[in-house]
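# Chains, contacts and geometry: an overview
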Amino acid sequence: MMDGNLPNIKKWVVLYPVYINSKKTIAEGRRISVSKACENPTCAEIGDCCSYLKLPFAIEIDKAYPRDFMQVGRVRVLLKKEDGTFYNPAIPTRKQLMLHVAELVPKHHSRTKKQEPASTSGATSSKSGKGGKKKR
């Protein structure tokens, strides 16, 4: 059907960072619920998450999101092999891919390094975190 060593990227699933960005509204292009989305994901982070999920991916830097062309870059991901089987059986659909990636991005090594000092200081004072009056 196709040349084995040259995958047809045009057939791959497109994942724009906007799709899983919790800072965006549905109208701006978010495709999953805010509770499951992550804050301002980058193409590099999405790519790393795809490799962690053992999915072949390609980052296209020369492409922009049509609704917001300032958002440059998108990730193409291959979900199925040539024979129709899935690379990762846990991720059969585009929606599953978005949910898995959005879950992994906050755990990405570039993010966890920045947040380490904040999380350790918060752990020492367990009770005094919530002060102030309740709003009525």
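Residues numbered from 1 in each chain as written. Predicted model: local features only at pLDDT ≥ 70, side-chain atom pairs only at ≥ 80, totals over all residues. Heavy atoms only, no water.

With an unreviewed UniProt entry as reference, the chain is termed Signal recognition particle 19 kDa protein, source organism Manihot esculenta. Recorded in UniProt for the chain, the comment headed Subunit (unreviewed entry) runs: "Component of a signal recognition particle complex that consists of a 7SL RNA molecule of 300 nucleotides and six protein subunits: SRP72, SRP68, SRP54, SRP19, SRP14 and SRP9." Under the heading Sequence similarities (unreviewed entry), UniProt records this for the chain: "Belongs to the SRP19 family." (UniProt positions renumbered as here; feature names shortened; annotations may be inferred.)

### As for the side chain of Arg-74
Residue placement: Arg-74 occurs in strand 3 (residues 68–77). A polar side-chain atom of Arg-74 sits 2.9 Å from a polar atom in the side chain of Tyr-16. With residues up to four places along the chain from it excluded, the contact list for Arg-74 reads Val-14, Leu-15, Tyr-16, Pro-17, Cys-43, Ala-58, Ile-59, Glu-60 and Lys-63. (Helix = DSSP H or I, 4+ residues; strand = E, 2+ residues; numbered from the N terminus. Polar contact = N/O pair within 3.5 Å; in protein donor to acceptor, adjacent residues only side chain to side chain. Contact = heavy atoms within 4.5 Å.)

### Some thoughts on the sheet that holds strand 2 (residues 57–65)
Sheet strands associate in pairs through backbone hydrogen bonding, adopting either a parallel or an antiparallel arrangement. The strand order across the open sheet formed by 3 strands is 1-3-2, and the pairing between neighbours is antiparallel. Every other strand in the sheet has two partners, leaving strand 1 (13–15) and strand 2 as the edge strands with one partner each. Averaged over all neighbouring strand pairs, the angle between strand axes comes to 30 degrees, with direction disregarded. Pairing geometry for strand 2 and strand 3, over 6 bridges, is antiparallel. Paired with Phe-57 across the strands is Val-77, a residue of strand 3. Against the sheet, helix 1 (residues 43–52) touches strand 1, strand 2 and strand 3, its axis set at about 155 degrees to strand 2. In the packing of helix 2 (residues 94–104) onto the sheet, contacts are made with strand 1 and strand 3, and the angle to strand 1 comes to roughly 35 degrees. (Pairing = 2+ DSSP bridges. Axes fitted to C-alpha atoms, helices over the stretch in contact; angles between N-to-C directions.)

### A few points about the confidence of the model for the chain
Caution is warranted with low-pLDDT regions, since their predicted coordinates should not be read in detail. Averaged over every residue, the pLDDT of the chain is 81; residues scoring 70 or more account for 76%. For the chain, per-element mean pLDDT is lowest for helix 3 (residues 109–124), which scores 53, and highest for strand 1, which scores 93. Counted against residues more than four places away or in other chains, residues 115–132, with its pLDDT under 50, gives 0 contacts. (pLDDT = per-residue confidence, 0-100.)

### Some details on the pairing of strand 3
Taken together, the 3 bridges between strand 1 and strand 3 define a ladder with antiparallel strand orientation. The partner of Val-13 across the bridge, within strand 3, is Val-77. Between strand 2 and strand 3, which pair antiparallel in sequence order, lie 2 residues.

### What to know about the nonpolar core
By size, the foremost hydrophobic cluster in this structure holds 28 residues, and its most contacted members are Ile-20, Leu-55, Leu-97 and Val-101. It is helix 2 that provides the largest number of residues to this core, a total of 6 residues. Among residues more than four places away in sequence, those in contact with Leu-55 are Cys-50, Val-77, Leu-78, Leu-79, Tyr-87, Asn-88, Ile-91 and Leu-97. (Core = buried A, V, L, I, M, F, W, Y, C linked by side-chain atoms within 4.5 Å. Buried < 20%, exposed > 50% of the residue type's maximum accessible area, 1.4 Å probe, protein only.)

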